[in-house]
Amino acid sequence: MRKITALILSVLLISGLFLTACQNGAIINSENNSVSESVSEADNKAESEKETEIKETSEKTETEENKEESVASDETEEKEEAAETRTEEANEKTETKDLSSDVTADVYLKVTNPEVLQVQVDENGVGYHNVPTITSDMVEFKNIGDTFKGWVKIEYDEENKSIHGYEGIYFTLNSVELYESVNDAELDPNGKLLYESYFDENNMFILCDVTAKYIAPEGGEKKIICSVTELEGAHLEEINKETETGMMIPLVAYCSDLPKGDSELLLNSNQGFRFQINDGESITFQIGIIANRAYVESKNVFLSVNYVFPTLVEDFRHKYFVIFPEE
């Protein structure tokens, strides 16, 4: 009996120790699980915060890039709009000038001094015109970027009327470049040169960029042939300064190649200074002026439009583009 009792007590003691060990193991496992869960939560939180930070940084960078692109785009658009506005204003200004300036071009100016057209004969029997000097009070001046109408109506008498130039043609002086000589300028190889014997160190070369525009008058031709000889070098008064080769007054001595269109006359002949132009069309070309250094240095070089003999018409205003504006 005592042996049975001792055995039972031993079993109970072992069971108690086993239960205690199990409980301690459960507690340890629980604590380990808690620690693992805490570590896992911390890792997840850190990873989440890192992802959030990366996302925020990416979004911030993207926002800044978009902002920079937006600013650059806005600046580009503003520049384009400003350029378009300037172009529109320039076009409006040109059109306004075309329609409002040179009002005398639309009426016939009566000849009041026909004697200036008479040919004089010198002692050697050579004919010449005694051309009066043009002074500044006889001239309408315009600057680079301005426009002149390219015609003048003259009435010699009731039965003799004519148009100098081409009604509906407008000339605009775009730009001017000065060269020591013609050899320094980049010229159109298909262009035409004149007065080549005067291309020396005494005479300078002035290259003018010009646009001709044709607006057909009411009842006028839709396509015409024009000549750039309506443009000529000019000055206001003689400069009495002798040089080795003599004085070379400003003269147009070069013209770039001009469009011939479908004109058989221009295509089949040597018409280097003439061109064909259609209604509403604009043509840009270059003409070159040679002039003695004395004229250039005194800024006494101009580009005239529709030259008319001085004093032929009373109060006639000669049309001069200013080549060298005063600073």
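Above this text you will find the structure in question.
Let me begin by describing the structure that accompanies this report. Please read all numbers here as calculations on a predicted model, not as lab measurements.

All right, on to the sheet that holds strand β1 (residues 108-110) then. Spatial strand order, β1-β5-β6-β8-β13-β11-β7: 7 strands in an open sheet with mixed pairing. Single-partner strands in this sheet number two, and they are β1 and β7 (192-193). For β1 and strand β5 (residues 147-157), the ladder comprises 3 bridges, and the chain directions are parallel. Within β5, the position partnered with Y108 by the bridge is K153.

The subject of this paragraph is the environment of Q271. Looking at the secondary structure, you find Q271 in the loop between α2 (264-267) and β12 (274-278). For the pair Q271 and K260, spaced 11 residues apart in the sequence, the C-alpha separation amounts to 9.0 Å. When neighbours within four sequence positions are excluded, Q271 is seen to be in contact with K260, L265 and L266.

The subject of this paragraph is the pattern of salt bridges. The tally for this structure, following the rule as stated, stands at 4 salt bridges. A salt bridge links E180 to R293; the nearest nitrogen and oxygen atoms lie 2.4 Å apart. Residue E180 is located in the loop between β6 (160-179) and β7, and its partner R293 is located in helix α3 (residues 293-297); the two are separated by 113 residues in the primary sequence. Classification of E180 as partly exposed rests on a relative accessible area of 45%. The partly exposed category is assigned to R293, whose relative accessible area is 24%. A salt bridge links D262 to K223; its shortest N-O distance comes to 3.1 Å. A residue pair is termed long-range when its members are at least 10 positions apart, and D262 in the loop between β11 (251-255) and α2 and K223 in strand β9 (residues 223-227) qualify at 39 residues.

Okay, the packing of aromatic side chains next. Counted by the stated rule, this structure contains 8 aromatic pairs. The interplanar angle of 65° and the centroid separation of 4.9 Å between the aromatic rings of F148 and F321 together place this pair among those described as edge-to-face. Linking F148 in strand β5 with F321 in strand β15 (residues 318-322), this pair joins segments that are 173 residues apart in sequence. Relative accessible area serves as the criterion here: at 0%, F148 is assigned to the buried category.

So, on to the environment of F302. For F302, the position within the fold is in strand β14 (residues 302-305). On a C-alpha basis, the gap between F302 and G233 in space is 5.8 Å, while along the polypeptide they are 69 residues apart. Excluding residues within four positions of it along the chain, F302 makes contact with F141, E232, G233, A234, H235, L236, I289, Y320, F321, V322 and I323.

It is worth spelling out the sheet that holds β15 at this point. Pairing within the open sheet is mixed, and its 4 strands lie in the order β4-β15-β14-β10. Only two strands of the sheet have a single partner each, and these edge strands are β4 (139-142) and β10 (231-234). Strand-to-strand twist in this sheet, taken as the mean axis angle between neighbours without regard to direction, amounts to 35°. Sheet topology note: the β14/β15 ladder contains 4 bridges and is antiparallel.

Right, let's get into the environment of D146. You can see D146 is positioned in the loop between β4 and β5. Judged by its relative accessible area of 17%, D146 is buried. Note: C-alpha distance between D146 and F171 (25 residues apart in sequence) is 8.4 Å.

Calculation criteria
Residues numbered from 1 in each chain as written. Predicted model: local features only at pLDDT ≥ 70, side-chain atom pairs only at ≥ 80, totals over all residues. Heavy atoms only, no water. Pairing = 2+ DSSP bridges. Helix = DSSP H or I, 4+ residues; strand = E, 2+ residues; numbered from the N terminus. Contact = heavy atoms within 4.5 Å. Salt bridge = Lys/Arg side-chain N within 4 Å of Asp/Glu carboxyl O. Buried < 20%, exposed > 50% of the residue type's maximum accessible area, 1.4 Å probe, protein only. Phe/Tyr/Trp six-rings, centres within 6.5 Å; stacked < 30°, edge-to-face > 60°. Axes fitted to C-alpha atoms, helices over the stretch in contact; angles between N-to-C directions.

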